[in-house]
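# Chains, contacts and geometry: an overview
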Amino acid sequence: MNITVVGSGYVGLVSGTCFAEMGNKVTCVDIDQKKIENLNKGIIPIFEPGLEAMVLKNIKNNTLEFTTNLSEAISKAKIVFIAVGTPMGNDGSADLQYVLAVAKSIGKSMTKELVVVDKSTVPIGTADKVRATIQNELNKRELQINFHVVSNPEFLKEGAAIDDFMKPDRVVIGAESVFAFDVMKQLYSPFFRTHDRFITMDIRSAEMTKYAANAMLATKISFMNEIANICERVGADANQVRIGIGSDKRIGYSFIYPGAGYGGSCFPKDVKALKKIAEEHNYKARLISSVEDVNDAQKLVVAQKITKRFGENLSGFTFGLWGLAFKPGTDDMREAPAIYVVKELTKRGATVKAYDPKAVEEAKRFYLKGVKGISYYDSKYEVLKDADALILLTEWKEFRSPDFEELKSQLNSPIIFDGRNQYGIFKLEEKGFEYYQIGKN
């Protein structure tokens, strides 16, 4: 099947590459000429395990190509995916200007029946705007061409996106015609052994499903962090509580690990957008608002533990930091707890020595650009030399079982602030460490 994917960012690149892997002929389009030139050379703009090798393989097999020529790409396609960004506006709403710009280009260029798929995370009702925009352009051209607008939200986890796409838990399709449902089922059938994970519904319900899924997962995280904060105050151990409630099959263990809060490209943006959607329809989403409030506060908990231990004035103190990305397996630092912790410490005069396997360049280029008091290193043990404490904020595998004797020998004092509760099992207090974690005194 000939597919065009407009937008070669995270969602577009992963989706297009995985469709090509199944034998489809895929053209990925982007307005960024430099990005397209690099992609055609096999230079990938993001870090995602397995993605680079799959891109290179499919370029070689002529099943995947990259271009800036949208009109040409549309002329060859049976399905056009819109996978451009929907950045958060100042009021928390999703900005649809790029989605609608693509829809306008489709209306200007299409010459035959198309299935147009919203892959971007978009507010409820966006499909109606896409349809109206395309139809308006066709009217200007005085053409009658059938087209079908579909909502197909993505549920990819950064760091595991290839596996998620190739072996999906479910594929949600919102459409209004049998033709569109049939085309989408044909497209996704190679990804299923059985079709019970192919879920069809109306378009608005599909658009809402993505927001509801991310808000639910964010709620679990904030709920557990709220419990952890209460545990600290009453003398309970949040890690033990997690085991106790997670054993209930109705609750489960996923997304109930106490920590320094959620970040990334999806949860923060989608929670804000859902809250805004509710407001626009005269409903105050109290629970969703609380989820966001708890998370905003949680990102500062590690810094608060540090100032409680060392004082508000941190001049003269140095901290080794392990982890900048919002989660392991990615270089994404959007809304990462590290941003907030580093800024809180450095504004109080502290020096931070940071290491992350993938996200250092992102920190230098954008997220911590211009922040005074932070330096970056190529080794996790380098940051410990002459540091007054270690801070863990991202649970990369290489951090999970460190040489604690090496830590003790490098640090000025054997102090660890664990923002991901990774080291409780090692009984560090018995090894002579001061050990601070989330949800336990």
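A brief look at the structure comes next. Just so it is clear, the structure is predicted and the values come from calculations on it, not from any experiment.

## Things to note about the side chain of Ser-15
Relative to the helices and strands, Ser-15 is located in helix 1 (residues 10-21). Those residues in contact with Ser-15 that lie beyond four places of it in its chain are Lys-119 and Phe-165.

## Points about the pairing of strand 9 (residues 318-322)
Counting buried residues in strand 9 gives five out of five residues, a clear majority hidden from the surface. Burial of the side chains of strand 9 extends over both faces: Thr-318, Gly-320 and Trp-322 are buried on one face and Phe-319 and Leu-321 on the other. In the sheet, strand 9 pairs with strand 10 (residues 351-355) via five bridges, with the strands oriented parallel. Looking at the pairing, Leu-321 lines up with Ala-354 of strand 10. Read as a crossover between parallel neighbours, the route from strand 9 over helix 14 (residues 337-346) to strand 10 is right-handed.

## Notes on the packing of helix 9 (residues 203-234) against helix 10 (residues 238-246)
A pair of packed helices can be characterised by two numbers: the angle between their axes and the separation between those axes. Helix 10 packs onto helix 9 with a crossing angle of 135° between their chain directions and a minimal axis gap of 9 Å. By the criterion of interaxial angle, the relationship of helix 9 to helix 10 is oblique. Note on packing geometry: the crossing formed by helix 9 with helix 10 is right-handed. Counted together, Met-224, Ile-227, Ala-228 and Cys-231 of helix 9 and Ala-238, Val-241, Arg-242 and Ile-245 of helix 10 form the full contact between these two elements. Its residues assigned to classes, the contact of helix 9 with helix 10 shows seven nonpolar, no polar and one charged.

Procedures and definitions
- Residues numbered from 1 in each chain as written.
- Predicted model: local features only at pLDDT ≥ 70, side-chain atom pairs only at ≥ 80, totals over all residues.
- Heavy atoms only, no water.
- Helix = DSSP H or I, 4+ residues; strand = E, 2+ residues; numbered from the N terminus.
- Contact = heavy atoms within 4.5 Å.
- Buried < 20%, exposed > 50% of the residue type's maximum accessible area, 1.4 Å probe, protein only.
- Pairing = 2+ DSSP bridges.
- Right-handed = clockwise from strand over helix to strand, strands pointing away.
- Axes fitted to C-alpha atoms, helices over the stretch in contact; angles between N-to-C directions.
- Parallel < 35°, antiparallel > 145°, perpendicular 65-115°, else oblique.
- Left-handed = near helix turned anticlockwise from the far one by under 90°.
- Nonpolar A, V, L, I, M, F, W, Y, C, P; charged D, E, K, R; others polar.

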